[in-house]
Amino acid sequence: MARLNLLVLRPLGVALAVMAASVTQHEPAADLHAEHAMGLPASTGAAALASDTALPAGALDVAARLGRSPRHGEWVMIRTGPSDRVKAWVVYPERSTKAPVVVVVHEIYGLSTWVRGVADQLAADGYIAVAPDLLTGKVAPAPGSDTLTQAAASAAIRTLQPADVQRQLAAAGQYGMSLPAAEKRYGTVGFCWGGGISFMHAVMSPPGLGASVVYYGTSPADSLLPNVKVPVLGLYAGDDARVNATVPPAEAAMRSLSKTYDPHTFAGAGHGFLRQQDGKSGANLAASRQAWPLTVAFFRRHLGR
């Protein structure tokens, strides 16, 4: 049985609190991704699922993949402030040396089995993965499920304060770096709503953060981008105009500021392609096979391996 750990963290620095206050005023509206289907997508079916274990599992085979994983995963509770904490899933790589940390930022649906599968794949790639549930205590999944419905998720996400989200992510990063097997640096990777949050975490750039990866998440306001202190990788679906409209302004602003932002758009892929790898007549799988190696290479370049 997985054991439960509790770590009490010291308050984060004053600079983080000040920046969080500014984020509360300027962060874009919550990206709810109504088009991100909860059920099985219209696609070529289960036969199209990737058998490539170098990728995170798609939604249809993640439970089976997790059941076969040789890596150690455990539930923990992370104290994120004087009066709050978050539940998190932590997965350790099988290696003899200390590992950098990657904090996984979930979609609006909370800490689902699919997000745990992403964390497991990051551990397979050599990182300690910490996946916090930013909806801890806000809403419970339906009985027999670990994924929220669209209506419940949308309502719960709207209750979150951006400054609190960033404080909790920074606490998750500090927790990961405090583990005896961890290096003192971390990155973030986020998906959909979590992708926008991951980009915003680069705006925050709290102590220890070394890189942020954005999967099909909206970009921060241009006025916030001067605060970015870490490299950002963006991975976007070609058929996702709503999100993609925010990419060129961010790219131009980051370039003018001489900051690293490396966006990639995959033709024919749909929003949420890494989860729905069997969708879009093979385009989602093709995008996943390009995007994940870029993710791992980016973390190795900026966090180490």
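Since we're looking at a predicted model, the values are computed, not measured. (Residues numbered from 1 in each chain as written. Predicted model: local features only at pLDDT ≥ 70, side-chain atom pairs only at ≥ 80, totals over all residues. Heavy atoms only, no water.)

## Brief notes about the nonpolar core
Step number 1: Ranked by internal contacts, the top residues of the largest apolar core, which has 50 residues, are Ile-78, Val-90, Ile-128, Val-130, Trp-193, Val-232 and Tyr-261.
Step number 2: Other than its neighbours up to four places away in sequence, Ile-128 contacts Val-90, Val-91, Tyr-92, Pro-93, Ala-99, Pro-100, Val-101, Val-102, Leu-179, Ala-181 and Ala-182.
Step number 3: Listed in part, the 40 residues of the second largest apolar core include Tyr-215, Phe-273, Ala-291 and Val-296. (Core = buried A, V, L, I, M, F, W, Y, C linked by side-chain atoms within 4.5 Å. Buried < 20%, exposed > 50% of the residue type's maximum accessible area, 1.4 Å probe, protein only. Contact = heavy atoms within 4.5 Å.)

## Observations concerning helix 8 (residues 247-256)
Step number 1: Residues Val-247, Ala-250, Ala-253 and Met-254 constitute the buried set of helix 8. Buried positions in helix 8, seen along its axis, are confined to an arc of 135° and lie on one side of it. Exposed and facing more than 90 degrees away from the buried side of helix 8 are Arg-255 and Ser-256.
Step number 2: Where helix 8 is buried, its residues touch strand 8 (232-239), helix 7 (241-244) and strand 9 (261-270). (Helix = DSSP H or I, 4+ residues; strand = E, 2+ residues; numbered from the N terminus. Arc of directions from axis to C-beta.)

## What to know about the pairing of strand 6 (residues 182-191)
Step number 1: Summarising burial for strand 6: 7 of the 10 residues are buried, a large majority.
Step number 2: Pairing analysis gives 6 bridges linking strand 6 to strand 7 (residues 209-215), with the strands arranged parallel. Bridge pairing in strand 7 links Gly-187 to Ala-211.
Step number 3: Regarding topology, helix 6 (residues 193-204) serves as the crossover connection from strand 6 to the parallel strand 7, and that connection is right-handed. (Pairing = 2+ DSSP bridges. Right-handed = clockwise from strand over helix to strand, strands pointing away.)

## As for the packing of helix 5 (residues 162-178) against helix 6
Step number 1: Their axes nearest at 10 Å, the elements helix 5 and helix 6 cross at an angle of 75°. Relative to helix 6, helix 5 is oriented roughly perpendicular. From helix 5, Val-165, Gln-166, Leu-169 and Ala-170 reach across to helix 6, where they touch Trp-193, Ile-197, Met-200, His-201 and Met-204. (Axes fitted to C-alpha atoms, helices over the stretch in contact; angles between N-to-C directions. Parallel < 35°, antiparallel > 145°, perpendicular 65-115°, else oblique.)

## Topic: unusual backbone geometry
Step number 1: In this structure, Tyr-216 takes a positive phi of about 40° despite not being glycine.
Step number 2: Relative to the helices and strands, Tyr-216 is located in the loop between strand 7 and strand 8.
Step number 3: Residue classification places Tyr-216 among the buried residues on the basis of a relative accessible area of 0%.
Step number 4: Phi is positive for Lys-280, close to 60°, though the residue is something other than glycine.
Step number 5: With respect to the element layout, Lys-280 can be found in the loop between strand 9 and helix 9 (283-302).

## Description of the side chain of Glu-74
Step number 1: Of note, Glu-74 is situated in strand 2 (residues 73-81).
Step number 2: Engagement of the side chain of Glu-74 in a polar contact is seen with the side chain of His-72, the distance being 2.9 Å. (Polar contact = N/O pair within 3.5 Å; in protein donor to acceptor, adjacent residues only side chain to side chain.)

## What about the packing of aromatic side chains?
Step number 1: If you walk through the whole model with that rule in mind, you get 11 aromatic pairs.
Step number 2: Among the aromatic side chains, those forming a connected cluster through ring pairs are Trp-114, Phe-191, Tyr-215, Tyr-216, Phe-266 and Phe-273.
Step number 3: For Lys-87, the ring lying beneath its charged end belongs to Trp-75, and the centroid distance is 4.4 Å.
Step number 4: Positioned over the ring face of Trp-89 is Arg-116, at 4.2 Å from the centre of the ring. (Phe/Tyr/Trp six-rings, centres within 6.5 Å; stacked < 30°, edge-to-face > 60°. Lys NZ or Arg CZ within 6 Å of the ring centre and 35° of its normal.)

## Observations concerning the confidence of the model for the chain
Step number 1: Across the chain, the average pLDDT comes to 87, with 83% of residues at 70 or higher.
Step number 2: Note on residues 1-31: pLDDT under 50 across the span, and 65 contacts to partners over four residues away in sequence or across chains.
Step number 3: In the predicted structure, residues 37-48 sits below a pLDDT of 50 and forms 18 contacts with residues beyond four places in sequence or in another chain. (pLDDT = per-residue confidence, 0-100.)

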